[in-house]
Amino acid sequence: MSLIKKQHSIGFFLLLAGFSQVSVAEDYLIENKKEYKKIAESLTAGDTVILKNGNWKDFEIVFSGKGNKQNPITLKAETPGKVFITGQSYLKLSGQYLNVSGLIFKDGYTPDSSVITFKHGDKEANRSRVTEVVIDNFNNPDKQESDYWVALYGKHNRLDHSHFVGKRNKGVTVAVRLTDEKSQQNHHQIDHNYFGYRPVFGSNGGETLRIGTSHYSLTDSFTKVEHNYFDKTNGEVEIISVKSGKNEIKNNVFNEARGTLTLRHGNGNLVEGNVFFGNGQDHTGGIRVINKDQIVRNNYLENLTGYRFGSGLTIMNGVKNSPINRYHQVENALIENNTFVNVQHIQLAAGSDAERTAVPKNTRIKNNLIVNETKQPFTIFDDISGITFTNNITNQPVISELRSGVENQNISLSRHKNGLLYPTSHSENVGVQRDLIVLSKDDTGVKWYPKNPATTEFDSGTKQSVEPGPQALDDAIEAANSGDIIELSPGQYNVSRLLKIDKVLTIAAKTRGKSALTFSRSALFEIHDGGSLKLEGLAITGANSPDAAANSVVRTKKWGMLENCRFIMQDSLVSNLNINHSFDFFVSGKGALADELVLQNNRFNNITGDILRLDREIEDLGIYNAEYVIIKNNQFNDVEGAIAKIYRGGTDESTFGPHLVFSDNTVSNTGKGKRNKTSASLYLHGVQVTTVSNNQFSRSAPLVVEHTVGEPQTTIKDNTFNATPAPEIKELQAEGPHTATLQNNQIKQGKEQRL
Ligand code: CA
């Protein structure tokens, strides 16, 4: 039998540590936090700590000790996936040769600055490994409170086969920290992890992986990021932000992920063998190159729509004598043997402006294959004589600056077994290698935790019918599951309580227009975390609403929404929201972000407030309330406020939205109420992408557009403005004339005018 090295009274069992007679390790089966504490400070090489299956609440785990290569110290779940760390919990490692596996962090958040930290106090962990760990929606309830899920310090650590999904509060999901020399030249390995859905965060601070910070960016990290799967990691423009030198980013897959792999700071990084599938989703990007000695080789990029700093490939201009946190000149970059298929934008010398004047130099772009169905993808923003093009092939016309080394050919493609497209005719040494292995999602993360779809779709559940009656709708909502449809039989529904929506629900009239709703609280629906709402065919009035100001039909929780929501209304009539002033239709709470707000085929009559109030983020921190606002084919009559007030303040450029589509609507006598301080029928501040087309405005306040940072894209075309002033467009940041496109609009105001 094995020896017992030290006395302890708590429950444990022993396993033979092999049959070694030299050193006998112990296995502790730990049942509670107290027991853990007792043994935690005396762990020695070869020990194994097993956490009993179950729920461990408010567990601040400090795991430290000195293992060695042959005899690491292990902390693991009794059964992988059966140990839940919940509440206010974290894990800190310090020492060496520590292994952690099998834990799930959920239903809680860290009270500290990260969930898993390879450091405790000022003692790092080295040569340690965290594997097969899940962190699922382990978010601080205050979305703007920043934390990491994993912070790597020390050297030679490995984070692998883990599953990260649903980071919703501010802060990088996984951060490699280079804060002092004990953590520099660290040679960490981050591999085979599944990075699941990360929703649009709605301001800076939504990166999935960051290696270094600008402050230490001239330091080498030597971190390897290999065989990871990035699945809709949509937090912000940077999916991966490399801010140090000598890292290798290889053989990862980016699936429908908004943003790019950005070589933001640091030199001599290698980006090789990665696969980007955008599937035509908005803002899907590829690789952005800044700094010296970067190699981008043998990567495959398909169906990416991103533009500007989010393009399929962006090579930036730098700043002369750049401060460490600005843009260093691109120098000695090698971009070779990459395949770009239906990548809409490749941008060279991007970001050229009065500050960014240092053009790329001594850079080679060779043996790349560029195939597009529709158009040639290159945009050139400055002098590119410092880039040499050799043996690149495209099926599109070649712009003159590229003719020295980009050749137009007829190219047909076929899809190979590895899922990638290759030319059918032989094209020696151009594009990605034929033996590139594409990582499968199944080979990442853990086997015992499902990789669920990002969101529950509307109408994906079952249908239940509801007859009018006291609390009929309340009860149906209570009983429904996410994805269900509640179908209202014709009749009058007088709702006396605020209806809380914390699941994905459709509420639809069985016969369009025949289900009438009134409500007697200050709002009819309040959307909470997990809630999304679709309304169809309803007739909603404010007839029974309290005689007080500032009622609304739908609002999100007034403060503290952590999860993004969706709201859709179609084929409905909303009328007489006029019992008192400032009666709005939809009001966002502070801090809330809607992924999508859609109004289609509705009529709105007699409303004293706004239709969509998305203007709660007044601190100008780059935060906003809706990513996509789509308003199509509605009628707005006698609305005293604005149809939409969308406010995105600040100068940060880390987000893509907000986006607005406003088309085929009829707007009359709208925006002219004396309490409408914007004096606008549509008020857009800092909206990034706007299309206003084919609408009829009459006797209404003007459309007011205020451009701030980024390169806002505003198109206003084919509209009629009858007895309505022309759109007012202001540039608040940029000098010179506004950049909006106005086409074929008619202004009729006494005399007719076109612009
Ligand atoms: Ca960022």
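The model shown is predicted, which means the values in this text are computed figures rather than measured ones. (Residues numbered from 1 in each chain as written. Predicted model: local features only at pLDDT ≥ 70, side-chain atom pairs only at ≥ 80, totals over all residues. Heavy atoms only, no water.)

### Quick notes on the overall build of the protein chain
Then, number 1: When its secondary structure is counted, the protein chain shows 2 helices and 75 strands.
Then, number 2: Relative to the compact-globule value of 27 Å for 755 residues, the protein chain shows a C-alpha radius of gyration of 29 Å, a close match.
Then, number 3: Oriented by its inertia axes, the alpha-carbon framework of the protein chain measures out at about 95 × 70 × 45 Å.
Then, number 4: By residue count, 59% of the 755 residues in the protein chain fall in the buried class.
Then, number 5: Counting contacts in the protein chain only where the partners sit at least 6 residues apart, residues at least 24 apart contribute 73% of the total.
Then, number 6: As displayed, the protein chain has an accessible area near 29400 Å², and 45% of this comes from carbon and sulfur atoms.
Then, number 7: Averaging the coordinates of the 83 positive side-chain charges in the protein chain and doing the same for the 83 negative ones gives two points 1 Å apart. (Helix = DSSP H or I, 4+ residues; strand = E, 2+ residues; numbered from the N terminus. Rg over C-alpha atoms; globule rule 2.2 N^0.38 Å. Buried < 20%, exposed > 50% of the residue type's maximum accessible area, 1.4 Å probe, protein only. Contact = heavy atoms within 4.5 Å. Areas by Shrake-Rupley, 256 points an atom, 1.4 Å probe, with all protein chains shown as cover. Lys, Arg positive; Asp, Glu negative; His and termini not counted. Charge placed at Lys NZ, Arg CZ, Asp CG, Glu CD.)

### Things to note about the pattern of salt bridges
Opposite charge on two side chains makes pairing possible when the charged atoms of those side chains draw close.
Then, number 1: The full count for this structure, using the stated rule, is 30 salt bridges.
Then, number 2: With a shortest N-O distance of 3.1 Å, Asp474 and Arg497 are connected by a salt bridge. Here the residue Asp474 occupies a position in helix α2 (residues 472–479), and Arg497 occupies one in the loop between β47 (491–495) and β48 (499–501), the gap between them amounting to 23 residues.
Then, number 3: Taking the relative accessible area as the measure of exposure, Asp474 reaches 10% and is therefore buried.
Then, number 4: A salt bridge links Glu617 to Lys590, with the nearest nitrogen and oxygen atoms 2.7 Å apart. (Salt bridge = Lys/Arg side-chain N within 4 Å of Asp/Glu carboxyl O.)

### Re the coordination of the calcium ion
Then, number 1: On the protein side, the calcium ion has Asn204 (OD1), Glu207 (OE), Glu236 (OE), Glu236 (OE) and Glu238 (OE) as donor atoms, found 2.3 to 2.8 Å from it.
Then, number 2: Note on Glu236: relative accessible area 1%, which makes it buried. (Donors = N, O, S within 2.8 Å, 3.2 Å for Na, K, Ca; no water.)

### Looking at the pairing of strand β8 (residues 98–101)
Then, number 1: Residues Leu98 and Val100 of β8 are buried on one face, while the alternating residues Asn99 and Ser101, pointing to the opposite face, are not.
Then, number 2: Alignment of β8 against strand β13 (residues 129–131), held across 3 bridges, turns out to be parallel. Along β13, the bridge assignment pairs Val100 with Val130. (Pairing = 2+ DSSP bridges.)

### Quick look at unusual backbone geometry
Then, number 1: Across the junction of Gly657 and Pro658, the peptide omega takes the value -5°, indicating a cis bond.
Then, number 2: The topology assignment puts Pro658 in the loop between β63 (644–647) and β64 (659–663).
Then, number 3: Positive phi values are uncommon outside glycine, yet Asp58 reaches one of about 50°.
Then, number 4: Relative to the helices and strands, Asp58 is located in the loop between β3 (54–57) and β4 (60–66).
Then, number 5: For Asp58, a relative accessible area of 36% gives the class partly exposed.
Then, number 6: Not every positive phi belongs to a glycine, and Asn576 is a case in point at roughly 55°.

### With respect to the nonpolar core
Then, number 1: Ranked by size, the top nonpolar core spans 79 residues in total, and within it Tyr36, Leu51, Phe63, Phe105, Ile116, Ile135 and Val289 carry the most contacts.
Then, number 2: With near-sequence residues (within four places) excluded, Phe105 lies in contact with Ile85, Tyr90, Leu91, Val115, Ile116, Val133, Val134, Ile135, Asp136 and Phe138.
Then, number 3: Of all hydrophobic cores here, the second largest spans 67 residues; its members include Leu488, Met569, Phe583 and Ile747. (Core = buried A, V, L, I, M, F, W, Y, C linked by side-chain atoms within 4.5 Å.)

### Describing the sheet that holds strand β70 (residues 713–717)
Then, number 1: One open sheet holds the 11 strands; their spatial order is β45-β46-β49-β52-β55-β58-β61-β64-β67-β70-β73, and the pairing between them is parallel. Only two strands of the sheet have a single partner each, and these edge strands are β45 (463–466) and β73 (741–743). Put simply, the sheet's adjacent strands are angled 10° from each other on average, direction ignored.
Then, number 2: In the sheet, β70 pairs with β73 via 3 bridges, with the strands oriented parallel. When the sheet's bridge partners are listed, Thr715 is paired in β73 with Thr741. (Axes fitted to C-alpha atoms, helices over the stretch in contact; angles between N-to-C directions.)

### Some remarks on the confidence of the model for the protein chain
Then, number 1: When pLDDT is averaged along the protein chain, the result is 94; 96% of the residues meet or exceed 70.
Then, number 2: Below a pLDDT of 50 lies the segment residues 1–22, which in the model reaches 35 contacts outside its immediate sequence neighbourhood of four places, other chains included. (pLDDT = per-residue confidence, 0-100.)

### Regarding the sheet that holds strand β66 (residues 682–685)
Then, number 1: As summarised here, the arrangement of the 9 strands in space is β48-β51-β54-β57-β60-β63-β66-β69-β72, forming an open sheet in which the pairing is parallel. The sheet is open, and its two edges are formed by β48 and β72 (728–731), each paired on a single side. Across the sheet, the axes of successive neighbouring strands diverge by a mean angle of 15°, strand direction being ignored.
Then, number 2: Of the strand pairs in this sheet, strand β57 (residues 584–587) and strand β60 (residues 612–614) are connected by 2 bridges, and their pairing is parallel. Bridging across to β60, Phe586 finds its partner in Leu612.

### Focus: the packing of aromatic side chains
The geometry of an aromatic ring pair is captured by the separation of the ring centres together with the interplanar angle, meaning the angle of the planes.
Then, number 1: Per the counting criterion, the structure on display carries 17 aromatic pairs.
Then, number 2: Centre to centre, the rings of Phe195 and Phe230 are 4.8 Å apart; their planes meet at 5°, and the pair counts as stacked. Taken as a pair, Phe195 in strand β20 (residues 194–195) and Phe230 in strand β23 (residues 229–231) lie far apart in primary sequence, 35 residues in all.
Then, number 3: Phe195 gets classed as buried once you look at its relative accessible area, which sits at 1%.
Then, number 4: Taking the centre distance of 6.4 Å and the plane angle of 20° together, the rings of Phe636 and Phe662 count as stacked. Here the residue Phe636 occupies a position in strand β62 (residues 635–639), and Phe662 occupies one in strand β64, the gap between them amounting to 26 residues. For the residue pair Phe636 and Phe662, the accessibility class agrees, reading buried in each case.
Then, number 5: By the ring-pair criterion, three or more aromatic residues cluster together here, those being Phe567, Phe585, Phe586, Phe604, Phe636, Phe662, Phe697 and Phe721.
Then, number 6: The cationic tip of Lys92 hangs over the ring face of Tyr90; the distance from NZ or CZ to the ring centre is 4.8 Å.
Then, number 7: It is Arg566 that lies over the ring of Phe458; its NZ or CZ is 5.1 Å from the centre. (Phe/Tyr/Trp six-rings, centres within 6.5 Å; stacked < 30°, edge-to-face > 60°. Lys NZ or Arg CZ within 6 Å of the ring centre and 35° of its normal.)

### Description of helix α1 (residues 33–40)
Then, number 1: When we look at burial in α1, the residues that qualify are Glu35, Tyr36, Ile39 and Ala40. Taken down its axis, α1 places every buried residue within 130° of arc, on the same side. Away from its buried face, by an angle of more than 90 degrees, α1 presents the exposed residues Lys34, Lys37 and Lys38.
Then, number 2: Contacts from the buried residues of α1 go to β1 (27–30), β2 (48–51), β4 and β5 (73–77).
Then, number 3: The residue sitting at the N-terminus of α1 and contributing the capping side-chain oxygen is Asn32; that oxygen lies 3.1 Å from the backbone nitrogen of Lys34. (Arc of directions from axis to C-beta. Polar contact = N/O pair within 3.5 Å; in protein donor to acceptor, adjacent residues only side chain to side chain.)

### Remarks on the environment of Leu270
Then, number 1: Considering the arrangement of structural elements, one finds Leu270 in strand β28 (residues 270–272).
Then, number 2: Sequence separation between Leu270 and Leu159 is 111 residues; the distance between their C-alpha atoms is 20 Å.
Then, number 3: Those residues in contact with Leu270 that lie beyond four places of it in its chain are Asn247, Glu248, Ile249, Lys250, Ile295 and Arg297.

### Examining α2
Every α-helix carries 3.6 residues per turn, so stepping three or four residues along brings you back to the same face.
Then, number 1: Buried within α2 we find Ala472, Leu473, Asp474, Ala476 and Ile477.
Then, number 2: Each element contacted by the buried residues of α2 is listed here: β45, β46 (485–488), β47, β48, β49 (504–509) and β50 (515–519).

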